[in-house]
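Now for the letters of each chain:
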Amino acid sequence: MILTSMSTVGITALVPPELIFACGHMPLDVNNHVPSSAEHPVSKLCAWTATWREMLLQKRLQVDSLVVVAGGDCHNALADGQRVALGGIPAHFFFYPFDGDTDYMEAQMQRLVLHLGGEVDKAKFREVGLAKELGMRLEQMRIEGRISGADAFRILISFSDLCGDIPAFMEQLVPEKRHEEAKFRVGLIGVPPIYKDFHEVAESFGMHIAYDELPYEFLRLGGNSMAELAKSYAGYTFARSLGYRLDFLERELARRRVDGVIHYTQFACHHLLEDDVLRRRLDYPVLTVQGDMPGSTPEQVKLRLEAFSEMLGRAP
Amino acid sequence: MIGLDVGSTTAKAAYPEGKFRIVESRNWRELTDGIAPCDIVSTGYFRKSVPHKLAITEITAAAFGAREYFPDAEVIVDIGGQDTKVIDLRNNTFLLNDKCSAGTGAFLEFTAKYLGIQVSELGDLHMRAKKAAQLNSTCGVFAISEMISRMVEGASVEDVVAGMHYSFARRVAKLIPEADRIVLIGGTVKNRGLTAALEEVAGKRFLIPPAPQTVNALGALRYSEERP
Ligand code: SF4
């Protein structure tokens, strides 16, 4: 199916929002609706994909089409995306190259553009680019500890779809408050926590989250032409080899001068298999937490965060 | 100042003069009679629900408590009522198993109840076993049905208890990193059948403090002394 008039295009995390805006549509990252959802999917592996699947099938989240990030990222999304498609919502499957091949990336982008109607308004690339430049300045403020990790995360996570409206989104790019001095700086790696208050909870235990690995990708990647976009998005670390991602991670963690790392993993997610490798390679104290259903951070996760903060306090 | 550890089944207190007391969790108030909240450092699952000047997690309390008995300890394994914690003091990391009851004190209670015996009898029964029954399940619920099968086949209660301890030990041993000086703490550690099985499965001897269930209360007290 080819979209013609202006439509709401659901995306499962990182689909270049530049392309969706440029084709005259509004992106809507379905994941952003998961943490505060009260859905209890009957058939589930990962609660991220199962929750958006149910929200879409039950029409609690309205989209005209769904673009599923399948290749190079997540097979649960591939399966649940097909269930959404079988439920009658037009779906398009978007694949990242594992080897960073920019020709492959550009071909995938061209296919997506066709699905979105084929007409590209390149001025939108620049508009999104300007928003991302502003986002980068805010990210720098979080690195310097001038805005809280919770605030930075709220902004970063919205860069996947820019809330479907670039000018309105830019007006919202105002951090709420300068945060109090935290005792420790930590990097949060892995997929984003499914809990809506995770950053606030970490802060309550004296930890400033100075890095959000996946959401930072939303901000970092972009470009002003199809070729530039293809080159940039082909470097999406989550779709690349673990070695590539680790090299990138090490640089970011060093640049942000973190005292420790929290590796968030999700029940039934293949990224959990990477935990041992990350722990062995990263030269920081690492806390691994695992989440399952959306909602507030549960007590057993709070205990781990509190104990990790105490441990950082004991580190030599 | 006292260290107060209120866990899921028992509450423990460590007093400055070197005394300890243990009561059931619901009776924790008996331990703090006449003591002001500003003189209590709490730990354990209910650390924030009881009066305290300072509340610290069981993980930090264990690190401070174990050091009292074994200053060069490398790893602490705390087998509690609801979870098992493995703390690696060498690199300041820890692991918690609280999803599955099969490697926690709750599983031993469940088994004892099923067999109609006291948890405190499990250790002696283990020592009288002739041949530990083979139990393969990694899940506590399936382990119970396996125990029933072994008894139907004629295994004695002693052999089934020993088999249960070995299957418990295999699960806990998987969580323990390679180290020489490993300290075992938690009320469950009083069960000599379980510690024997754990030592056999892990192929090493563990360090066990004289009162393993009060180590965290003592750790809370020591923490307050070091960081007043
Ligand atoms: S958490 Fe893992 S399984 Fe779930 S959507 Fe993300 S990548 Fe896929």
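Every value quoted in this text rests on a predicted model; they were computed, and no experiment measured them.

Calculation criteria
As a convention, each chain's residues are numbered from 1 in the sequence order in which they are written. Working convention: letters from A go to chains and numbers from 1 go to ligands, in the order in which they are written. Per-residue local features are limited, in this predicted model, to residues with pLDDT of at least 70; the limit for side-chain atom pairs, both in listing and counting, is 80 or more; totals at the level of whole chains, interfaces and linings are taken over all residues. No hydrogens and no water enter the side-chain calculation; it runs on all heavy atoms of the structure. Each helix is a run of H or I in the DSSP string that is no shorter than four residues. Each strand is a run of E no shorter than two, and both are numbered from the N terminus. In this scheme, a residue with accessible area under 20% of its type's maximum is buried, one over 50% is exposed, and one in between is partly exposed, where area comes from a 1.4 Å probe on protein chains only. The accessible surface values rely on the Shrake-Rupley method and a 1.4 Å probe; as for residues, cover is taken only from the protein chains in view. Counted charges follow a simple rule, with Lys and Arg positive, Asp and Glu negative, and His plus the chain ends left uncounted. For the purpose of locating charges, the reference atoms are NZ of Lys, CZ of Arg, CG of Asp and CD of Glu. At least two bridges found by DSSP between two strands is the condition for calling them paired. Between N-to-C directions, angles span 0 to 180 degrees; the directions come from axes that are lines fitted to C-alpha atoms, helices contributing only their stretch in contact. Residue contacts are defined here by distance: any two heavy atoms, one from each residue, within 4.5 Å place the two residues in contact. Note on terms: buried area is the combined drop in 1.4 Å-probe accessible area of two parts once they are placed together, counting the loss on both. Definition used for salt bridges: Asp or Glu carboxyl oxygen within 4 Å of a side-chain nitrogen of Lys or Arg. By convention, a stacked pair of Phe, Tyr or Trp rings (six-membered ring in the case of Trp) has centres within 6.5 Å and planes under 30 degrees apart, an edge-to-face pair has planes over 60 apart, and any other such pair is tilted. For the purposes of this description, domain bounds are those given by an automatic or database domain assignment. Distance and chemistry together define a polar contact, namely a pair of N or O atoms within 3.5 Å, with one atom able to donate a hydrogen and the other to accept it when in protein, and with adjacent residues in sequence counting only for side-chain atoms on both sides.

**So, the overall build of chain B**
Piece 1. Of the regular secondary structure elements, chain B holds 7 helices and 9 strands.
Piece 2. When its C-alpha atoms are laid out on the principal axes, chain B stretches across 60 × 35 × 30 Å.
Piece 3. Of all 228 residues assigned to chain B, the portion counted as buried reaches 54%.
Piece 4. As displayed, chain B has an accessible area near 10400 Å², and 52% of this comes from carbon and sulfur atoms.
Piece 5. Taken as two groups, the 27 positive and 27 negative side-chain charges of chain B have centres that lie 2 Å from each other.

**Focus: the sheet that holds strand S2 (residues 26-29) of chain A**
Residue and element names in this part refer to chain A.
Piece 1. Strand order in the open sheet made by the 4 strands is S2-S1-S3-S4, with parallel pairing throughout. With partners counted over all chains shown, the strands left at the sheet margins are S2 and strand S4 (91-94), one partner each. Put simply, the sheet's adjacent strands are angled 25° from each other on average, direction ignored.
Piece 2. When strand S1 (residues 8-11) meets S2, the two strands line up parallel, connected through 4 bridges. Residue pairing for S2: Thr-8 is matched across the bridge by Met-26.
Piece 3. In this fold helix H4 (residues 102-115) packs onto strand S3 (65-69) and S4, with an angle of close to 170° to the strand it touches most, S4.

**Observations regarding the interface of chain B and chain A**
Piece 1. At the junction of the two partners, chain B supplies 18 residues and chain A supplies 16 residues.
Piece 2. Summing both partners gives a buried area of about 1500 Å² for chain B against chain A, and 53% of it is carried by carbon and sulfur.
Piece 3. Taken together, the connections running from chain B to chain A amount to 2 salt bridges.
Piece 4. Between A:Glu306 and B:Lys48 there is a salt bridge whose closest N-O contact spans 2.9 Å.

**Focus: the pairing of strand S6 (residues 75-79) of chain B**
Residue and element names in this part refer to chain B.
Piece 1. Counted residue by residue, S6 has 5 buried out of 5 residues, so it is predominantly covered.
Piece 2. Burial along S6 is two-sided: the face carrying Val-75, Val-77 and Ile-79 and the face carrying Ile-76 and Asp-78 are both buried.
Piece 3. Two strands pair when backbone bridges link them, and S6 and strand S7 (residues 84-88) are joined in this way by 5 bridges, in the antiparallel orientation. Opposite Val-77, over in S7, you have Val-86 as the bridge partner.
Piece 4. Joining the antiparallel neighbours S6 and S7 is a turn of 4 residues.
Piece 5. Two strands pair when backbone bridges link them, and S6 and strand S9 (residues 182-185) are joined in this way by 4 bridges, in the parallel orientation.

**Things to note about the packing of aromatic side chains**
Residues and elements named next belong to chain A.
Piece 1. Applying the stated criterion across every chain yields a total of 10 aromatic pairs over all chains.
Piece 2. Aromatic pair Tyr-96 and Tyr-236: ring centres 4.8 Å apart, planes at 55°, arrangement tilted. Of this pair, Tyr-96 sits in the loop between S4 and H4 while Tyr-236 sits in the loop between helix H10 (226-233) and helix H11 (242-255), and the two are 140 residues apart along the sequence. With respect to class, Tyr-96 is no different from Tyr-236; both count as buried.
Piece 3. Ring geometry for Tyr-236 versus Phe-238: centroids 6.3 Å apart, planes at 25°, classification stacked.

**Some thoughts on the sheet that holds strand S5 (residues 184-190) of chain A**
Residues and elements named next belong to chain A.
Piece 1. Across the sheet, which stays open at both edges, the 4 strands sit in the order S6-S5-S7-S8 with parallel pairing between neighbours. Two strands bound the open sheet, and with one partner strand each, they are strand S6 (207-212) and strand S8 (286-291). Taken pair by pair, the neighbouring strands of this sheet meet at an average axis angle of 30°, ignoring direction.
Piece 2. Pairing analysis gives 5 bridges linking S5 to strand S7 (residues 260-266), with the strands arranged parallel. Bridge pairing in S7 places Gly-190 opposite Tyr-264.

**Structural notes on the domain arrangement of chain A**
Residues and elements named next belong to chain A.
Piece 1. For chain A, the assigned domains are domain 1 (8-115) and domain 2 (123-314).
Piece 2. Here the C-alpha centre of domain 2 lies 21 Å away from the C-alpha centre of domain 1.
Piece 3. If you look at the interface, domain 1 gives 43 residues, while domain 2 gives 44 residues.
Piece 4. The contact between domain 1 and domain 2 buries some 3300 Å² in all, and 68% of this surface belongs to carbon and sulfur atoms.
Piece 5. Among the residues of domain 1 in contact with domain 2, Leu-14, Glu-18 and Phe-21 are the three that bury the most area, contributing 21% of the side total.
Piece 6. Here domain 1 is connected to domain 2 by 2 salt bridges.
Piece 7. Lys-132 is the partner of Glu-18 in a salt bridge, and the nearest nitrogen-oxygen pair spans 2.9 Å.
Piece 8. Remark: the boundary between domain 1 and domain 2 carries 8 residue pairs in polar contact (both at pLDDT 80 or more).
Piece 9. Counting only elements with at least two residues in the side of domain 1 that touches domain 2, the list comes to helix H1 (17-22), S2, helix H2 (47-57) and H4.

**A closer look at the domain arrangement of chain B**
Residue and element names in this part refer to chain B.
Piece 1. You can read the domains of chain B as domain 1 (2-67 + 213-226) and domain 2 (96-202).
Piece 2. The straight-line distance from the C-alpha centre of domain 1 to that of domain 2 is 28 Å.
Piece 3. With both sides pooled, the region where domain 1 packs onto domain 2 buries about 430 Å², and carbon together with sulfur makes up 76% of that total.
Piece 4. Counting across the domain 1 and domain 2 interface gives 0 residue pairs in polar contact (both at pLDDT 80 or more).

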